[in-house]
Amino acid sequence: MPIRALKEPVLLGEDIDAAGMISEPGVERVTNAITQVLAAARRYEIDTFYAFVTAAIRDAPNRTYVLDRIEQASGIRPQFLTGAQEARLTYLAVRRWYGWRAGTVLLLDIGGGSMELALGRDAEPTLALSLPLGAGRLTRAFLTGDPPSHSEFKALRRHIRECLKEVRDRLLWEGQPRRTIGSSKTFKQLARLSGAAPQRDGPFVRRSLHHADVRASMNRLARLPAERRADLRGVSRPRARQILAGAMVAEAAMSTLGIDTLEVSPWALREGVVLHHLSTVVAETAMPLDQFTYDAVHTGNDIEPAVW
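Let me begin by describing the structure that accompanies this report. (Residues numbered from 1 in each chain as written. Predicted model: local features only at pLDDT ≥ 70, side-chain atom pairs only at ≥ 80, totals over all residues. Heavy atoms only, no water.)

### Observations regarding the overall build of the chain
Alright, step 1. Counting its regular elements, the chain contains 11 helices and 11 strands.
Alright, step 2. Within the chain, the proportion of its 308 residues that are buried is 49%.
Alright, step 3. For the chain, restricting intrachain contacts to residue pairs at least 6 apart in sequence, the fraction spanning at least 24 positions comes to 71%.
Alright, step 4. For the chain, the exposed area adds up to about 15,300 Å²; of that, 50% sits on carbon and sulfur atoms. (Helix = DSSP H or I, 4+ residues; strand = E, 2+ residues; numbered from the N terminus. Buried < 20%, exposed > 50% of the residue type's maximum accessible area, 1.4 Å probe, protein only. Contact = heavy atoms within 4.5 Å. Areas by Shrake-Rupley, 256 points an atom, 1.4 Å probe, with all protein chains shown as cover.)

The structure is reproduced here in C-alpha cells:
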C-alpha cells in the first residue's frame, strides 16, 4: 500500500500554443513542481525515482528544451512513454484491479494530450491504440470561447467522431468485450457529476457511468463557462476548462462503440508503471511492452523506488 501520495498541479495545458509548444511560464511551473515533489520525497528518505512524462511534453516541438531545463534544475531527466506504451501500461493496471475473471476488457483512458484504448483478455492486450483526442489538446484547438459557440461545439464533435471512425471497425471486429472500463480523471469527474460516490469513499466503492448521463453532462457543461463548471460536483478548478472536451470524447466513444455503461477504474497509468516495475523485480523477465524500459534514477542510498 502507498505510504503517501504527492501531487502538484501545473496546469500545463494553459501554456501550450496551437502548435504544441510549451511556453516559458509553463516550463518554469513544470520544473518547479518536479523539484518540489523531489524535495518532499527525499524527506521520506526516498531517493530512487522512475521519472516519466506523457503526451503534453512528449509531443511538444520544444520537448528537448523542456527536458534539459528539468534536468538542470532537478538532476534527473524524465523519459517519455509512447501512446501505445501508455495504453498497454494502463491496461495492465486495469486488468490487475479487476482480476483475470473479468474476461475480455475494453479500456478507455482520456488524458490531457491523448486518448488511449486497449482491448484484451490476457496479461497483454490484443490491441493497444493512442489517438490525439486528449481533453487539453482539443480544448486548445477547438474550444476558444468560454463557453464555446455552437459552431465550435459542432466542429469538435465532428472531429472526434472522424478520429474514432478510424479505429471503430478494428475494435468492433474483435467482438463485444465482457467489461468496458474507463480510467483517468475525466471519467472519474464525469461519474461524480452523474452521482457516483466521491473519491474520499475509497477505491473499493463501485463507480459506473451510463451513456445517457455522459450526454446530459456534456450538454450541461457546454452551456457553462469554466468558472461555473468548477462549482459543479466533482469538477476540479484546474480541469474545469477542459472537462467539456473530455465529456465530448467520452460521449462519442460510447456512442461509436455501442457502450451503454462502463465501470470507472481507480487504477490507471501510474499504477501500471508500478506493477510493471514489480514484475521486473519479482519475475525473472518482465512482461514485454514493445521493448519498453525505464531507468531508475538513484540519488543516494538504495531505497525503495517511487513513481511520479
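### A short note on the packing of helix α6 (residues 150–173) against helix α10 (residues 243–256)
Alright, step 1. The contact between α6 and α10 brings their axes to 10 Å, and the two run at 45°. With respect to each other, α6 and α10 are oriented oblique. With respect to the hand of their crossing, α6 and α10 are arranged in right-handed fashion. Residue-level inspection shows Phe153, Leu156, Arg157, Ile160, Arg161, Leu164 and Arg168 of α6 in contact with α10, the latter providing Leu244, Ala245, Met248, Val249, Glu251, Ala252, Ala253, Ser255 and Thr256.
Alright, step 2. Classifying every residue of the contact of α6 with α10 gives 10 nonpolar, 2 polar and 4 charged. (Axes fitted to C-alpha atoms, helices over the stretch in contact; angles between N-to-C directions. Parallel < 35°, antiparallel > 145°, perpendicular 65-115°, else oblique. Left-handed = near helix turned anticlockwise from the far one by under 90°. Nonpolar A, V, L, I, M, F, W, Y, C, P; charged D, E, K, R; others polar.)

### Concerning the pattern of salt bridges
Alright, step 1. Under the defined criterion, the tally for this structure stands at 18 salt bridges.
Alright, step 2. Residues Arg77 and Glu71 are paired through a salt bridge, measuring 2.9 Å at the closest nitrogen-oxygen approach.
Alright, step 3. Under the relative-accessibility criterion, Arg77 is labelled partly exposed at 31%.
Alright, step 4. With a relative accessible area of 35%, Glu71 lands in the partly exposed category.
Alright, step 5. For Arg206, the salt bridge is made with Glu263, and the minimal N-O distance between the two is 3.8 Å. Placement of Arg206 in the loop between α7 (185–193) and β8 (208–210) and of Glu263 in strand β9 (residues 261–264) is noted, with a sequence separation of 57 residues between them.
Alright, step 6. A relative accessible area of 10% means that Glu263 is categorised as buried.
Alright, step 7. Among the ionic contacts, a cluster of salt bridges with common partners joins Arg58, Asp59, Glu86 and Arg137. (Salt bridge = Lys/Arg side-chain N within 4 Å of Asp/Glu carboxyl O.)

### Remarks on the side chain of Thr256
Alright, step 1. On the secondary structure map, Thr256 appears in helix α10.
Alright, step 2. Using a relative accessible area of 17% as the deciding quantity, one classes Thr256 as buried.
Alright, step 3. For Thr256, the side chain forms a polar contact with the main-chain oxygen of Ala252, separated by 2.8 Å.
Alright, step 4. For Thr256, the residues in contact, after removing those within four places along its chain, are Arg161, Leu164 and Arg168. (Polar contact = N/O pair within 3.5 Å; in protein donor to acceptor, adjacent residues only side chain to side chain.)

### Examining the side chain of Thr90
Alright, step 1. Structurally, Thr90 can be placed in helix α4 (residues 83–98).
Alright, step 2. Residue contacts for Thr90: discarding those within four places in its chain leaves Leu107, Asp109, Ser183, Ala268 and Leu269.

### Things to note about the packing of aromatic side chains
Alright, step 1. Scanning the entire structure with this criterion turns up 2 aromatic pairs.
Alright, step 2. Both rings, one in Trp97 and one in Phe204, keep their centres 5.4 Å apart while their planes meet at 25°; by these two values the pair is stacked. Highlighted residues: Trp97 in helix α4 and Phe204 in the loop between α7 and β8, separated in sequence by 107 residues.
Alright, step 3. You can call Trp97 partly exposed: its relative accessible area is 23%.
Alright, step 4. Residue classification places Phe204 among the exposed residues on the basis of a relative accessible area of 72%.
Alright, step 5. It is Arg63 that lies over the ring of Phe80; its NZ or CZ is 4.2 Å from the centre. (Phe/Tyr/Trp six-rings, centres within 6.5 Å; stacked < 30°, edge-to-face > 60°. Lys NZ or Arg CZ within 6 Å of the ring centre and 35° of its normal.)

### Structural notes on the nonpolar core
Across soluble globular proteins, nonpolar side chains show a tendency to be buried alongside one another.
Alright, step 1. In this structure, Leu108, Met115, Leu133 and Ile160 are the most contacted members of the largest nonpolar core, which totals 50 residues.
Alright, step 2. Sort the elements by how many residues they give to this core and α10 lands first, with 10 residues.
Alright, step 3. Each residue touching Leu108, except ones within four places of it in the same chain, is listed here: Met115, Glu116, Leu117, Thr180, Ile181, Gly182, Ser183, Phe187, Ala253, Leu257, Ile259 and Leu262.
Alright, step 4. Judged by nonpolar contacts, the second largest core, of 17 residues, contains Val30, Ala41, Val53 and Leu67. (Core = buried A, V, L, I, M, F, W, Y, C linked by side-chain atoms within 4.5 Å.)

Everything listed here is a matter of coordinates, which is why it stays silent on function.
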